[in-house]
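Coordinate analysis (summary)
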Amino acid sequence: MDADYDVFFSYAHADRDAALPVITALKSRKLRVFHDETEITDGQSIRRRIVEGLGRARMLVAWYSAIYPTRRACQWELTSALVAALHEFPDGRTVERRILALNPEAGAGHLQPADILAKKYVDARGAPAEELADRAAALLEGLAGSFGEVQAFGGPLWHGGNPRAGSSRFVGRFPDMWRIDGRLSKNRIALITGDSVGLVQVQGMGGIGKTLLAEEYARRFGAAYPGGIMWLSAAKGQDLGAQRQVIAESLGIATAGFGPDAVAGLLKGRLAGRETYLWVVDDLPPDAGTAELNAWSAPTANGATLVTTRGTGLGGSGFVLRLGLLSDDEAHELLTGRRPARGDGEQAAAREILALLGNHALAVDVAGAAVEMLGYAGFRDRLRDPADDATELAAELAGDLPTGHARQIAATLLDSIDRLDPAGLRFLHLAALLAPAPIPLSLAADVLARLPGGDDGLAEAARAVKAAAREALAEHIPGGGEDAGDAVSVHVLVSRTLRFHRGTPPPAMRDAAVAALTEAMEEAEDIRNHAPLLPLVPHARALTGDLPDAPTATLLVWLGRLNDERGAYADAEADHRRTFEASKRLLGGEHPGTLTSMNNLAATLGAQGDHGGARALQEQVLALRRRVLGDEHPDTLTSMNNLAATLGAQGDHGGARALLEQVLALSRQVLGNEHPATLTSMNNLAHTLNAQGDHGGARALQEQVLELIRQVLGDEHPDTLTSMNNLAETLRAQGDHGGARALQEQVLALRRRVLGGEHPHTLTSMNNLAGTLGAQGDHGGARALLEQVLALRRRVLGAEHPATLRTINDLAATAGLRPIMRLISTMLSKFRRRSRP
């Protein structure tokens, strides 16, 4: 029978202007083209267009833009065509003739299903419409029969529980459906050999969209299951025998007078004689075992079983699809579907709503109803309110949901939360305290070990995570190496639900979390520890959102220290300002801790080039320490040292020298010649002498320091190496490049051995040695060393760290690239306003 149409042209309504020239070119070749400019989203209208249009066409041409796979109608049209083409020849030999994907994008990452289309599309970028029409016309030659003749297009035959008519708000999940079908279609083909069809489990937390995905899959791929769709609910309280009887009766089996086992036998016999069918088991309980899963699965080999469940304990049964959150684009589409977000203000509010809800499908769906009534800013503000669960109000406004499940997100999640053992509940309470970011398992173990009775924190954390993951309330993330240990992710809605409906965590848990994070952050002084510390930062931030006590303020001190060490000076300044204000409130304006906070803030201001602001604070600290502690207290001497450094940075080297000479005299008198603070004072004074051009005086002091520090700390102590490095720089300033080089090579060798090849001090030594090589005329050696330093600093410190920029500047100078030097100087000038010079 001849087809009514040669081509069914599938395109997104937004691509109309791009697609119409190709449609026109096809029609100019006397080809009969079906295309509909009306954009539709509901399932019944989509199916009608497929039956009346695609079913009567020989070929589908898709304008496969980046928008195309985001449109439900386009996905459904393409799916129906592919299912029919693969039904005609399961080896796919007619797919290339019946389906032509015209891709106007630069890449192929948006093409789904990728295994079918990624290598078979036509690059439509800049291609004339006439040429694209010729490609389609050539494929049509000798192509017989319509899609409807290859495989009948009708609504799926539902038996048993009959889901709703689908949801017009269904978004995304296109790759997920093809992953499901990829597994089940392989088994449909295997049926020819008599093999069993198998099983797919869709696992995920409550409300994430498992049921709706199963419904949508059954409707879109229904033609692949001519034996029908058998829908069962395995939720608690649902009886398997009663549902088998309903299915049997819908298939025309007389069940009167037969018991459940006999009905099961009759149904199995009837199903064995049917074509392939899809057996959907919705909401299998999380605690179900293998025996229960087997009992609920399809009773015959020609039935494909699709299971939805929150549980993760049956990972070894069939293929498991862990259903993730909606993507940012999908969540935005779902949220704004009822009421578009207009203007920058509403768009910003929409993004914050999605962040607060974590792109959770059910939460975003009910939020869409709330913003329709309350507006974006209004609902966002309610979500921010810590005293009331705004998702409950959203559920009241949402009306009936497509799946018929409970609208209340809390009820959906509490059903899983309430099944946890005490260890699992403790872990979720911890997650509610922390940030919605992956929680290192080591942190969870440390916190739990600090609680009463928490002797083996790691074992309890492992048990707790396993229990929460079994209910799909948490996800275990395996570590990727020594610096990236195992972590656990808990969705933000789980934490919100726990806070609003199961009370706040016990105070002891918060205290334990603050103590554990503070102890970890005390390693921030060594940049080699930063990689394992960075995953802790979001959680420390969450706990220091307010500063109710001194231990929490101390944690913020260490956060500031971490930011100082990694060059994030703007963040460090904010941390130190908050700590200073909290210390004044909690400890008083003259407490040593408050003065330390002022000192930290001053140092960060100086690092950003605000020497005036730093000096004002340091002068206050010095005056207070002199009054409270006395002129000779070590903390007072430290303040004098810090103020002298700021005076030097302002160019007042005379003032700096006078202050440092006082500090040195007092340090020798109070602490002794060999005390580390005395040696630091000598070093600082030598630096000032160098700045004044008195290199001989600086050298004499530095040689004394080096001799003393070797006696006290040994040849390989980091402070000894720093002294050697300082002396080498003075030798170079005096023109003794050979002496400087010899000393720098010793320092570099020792730092590599003691600190490692990537420590910032090692890289500084490499950079300094390169400068000396350049001064000696060995520009090739200097350049090679600087290139190594640059690669390492980019990786260790980041591309925009001031030290990295200085290396780029040095390298440019070595290569004679003055324009680049000017560019880097400009960038460094910006960092002087916000970073350590």
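Refer to the structure printed above.
Below is a short write-up of the structure.

Rules behind the numbers
- Sequence order sets the numbering: in each chain, residues are counted from 1 along the sequence as written.
- Local features in a predicted model are, by the rule used here, given only for residues with pLDDT of at least 70; side-chain atom pairs are given and counted only at 80 or more, and totals for whole chains, interfaces and linings are based on all residues.
- Side-chain metrics rest on all non-hydrogen atoms present in the structure, leaving aside hydrogens and water.
- Pairing between strands requires that DSSP locate at least two bridges from one strand to the other.
- Helix and strand labels come from DSSP, where a helix needs a run of H or I of at least four residues and a strand needs a run of E of at least two; each type is numbered from the N terminus.
- Lines fitted to C-alpha atoms define the axes, with helix axes restricted to the stretch in contact, and inter-axis angles between N-to-C directions lie between 0 and 180 degrees.
- Any two residues whose heavy atoms approach within 4.5 Å at even a single point are treated as in contact.
- The pocket and cavity definitions rest on a 1 Å grid over protein atoms only: a 1.4 Å probe that fits but cannot leave marks a cavity, an open set with protein on both sides within 12 Å along at least five of seven lines marks a pocket, and residues lining either have an atom within 4 Å of a point.
- Grid points are joined across faces, edges and corners, and a volume is the space filled by probe spheres set on the points.
- Polarity classes work like this: nonpolar for Ala, Val, Leu, Ile, Met, Phe, Trp, Tyr, Cys and Pro, charged for Asp, Glu, Lys and Arg, and polar for all others, with Gly in that last group.
- Nonpolar core, defined: a set of buried Ala, Val, Leu, Ile, Met, Phe, Trp, Tyr and Cys residues in which side-chain atoms within 4.5 Å join the residues together.
- Residue exposure (1.4 Å probe, protein chains only): buried if accessible area is under 20% of the type maximum, exposed if over 50%, otherwise partly exposed.
- In the analysis that follows, any N or O atom pair within 3.5 Å is treated as a polar contact, provided that within protein one partner can donate a hydrogen and the other can accept it, and provided that, for residues neighboring in sequence, both atoms belong to side chains.

Let's talk about the sheet that holds strand 13 (residues 474–477)
With respect to topology, three strands assemble into an open sheet ordered 12-14-13, the strand pairing being antiparallel. What marks the edges here is a single partner per strand, and that holds for strand 12 (439–440) and strand 13. With four bridges joining them, strand 13 and strand 14 (residues 487–490) adopt antiparallel strand pairing. What sits directly across from His476, in strand 14, is Val488.

Observations concerning the sheet that holds strand 8 (residues 229–233)
On the basis of which strands lie adjacent, the open sheet formed by six strands has the order 6-8-9-10-7-11 and parallel pairing. Only two strands of the sheet have a single neighbouring strand rather than two, namely strand 6 (158–160) and strand 11 (319–322). Here the strands of the sheet are splayed against their neighbours by 20° on average, with no regard to which way each runs. The pairing of strand 7 (residues 199–203) with strand 11 spans four bridges and is parallel. Counted as the bridge partner of Val200 is Phe319 from strand 11. Helix-sheet contacts for helix 9 (residues 210–220) involve strand 6, strand 7, strand 8, strand 9 (277–284), strand 10 (303–309) and strand 11, and the interaxial angle to strand 10 is about 155°. Lying over the sheet, helix 10 (residues 240–250) contacts strand 6, strand 8 and strand 9, oriented at roughly 155° with respect to strand 8.

Things to note about empty space enclosed by the protein
This model, assessed by the stated rule, comprises four cavities of 30 Å³ or more. Of the pockets and cavities examined, the largest cavity occupies roughly 120 Å³. Along its surface, the largest cavity is lined by 13 residues, and Trp76, Ser80, Phe153, Gly154 and Arg219 are the ones closest to its centre. Going through the elements one at a time, helix 2 (43–52), helix 3 (72–88) and helix 9 are the ones with two or more residues in the lining of the largest cavity. Of the residues assigned to the lining of the largest cavity, the class counts are seven nonpolar, three polar and three charged.

A closer look at the nonpolar core
One finds Leu278, Phe427 and Leu428 to be the most contacted residues of the largest nonpolar core, which totals 141 residues. The residues contacting Phe427, other than those within four sequence positions of it, are Ile439, Ala444, Ala464, Val465, Ala474, Val488 and Val490. Counting residues in hydrophobic clusters, the runner-up holds 32 residues, among them Leu637, Leu659, Val747 and Leu750.

Focus on helix 22 (residues 492–501)
Where burial is concerned, most of helix 22 is hidden: seven out of the 10 residues are buried. Just downstream of helix 22 lies Gly503, where phi reads positive at about 80°.

Focus: the side chain of Arg98
By secondary structure assignment, the location of Arg98 is in helix 4 (residues 95–98). Polar contacts involving the side chain of Arg98 include one to the main-chain carbonyl oxygen of Arg58, which spans 2.8 Å. Apart from residues no more than four positions distant in its own chain, Arg98 is found in contact with Arg58, Met59, Leu60, Glu88, Leu143, Ala144, Gly145, Ser146, Phe147 and Val150.

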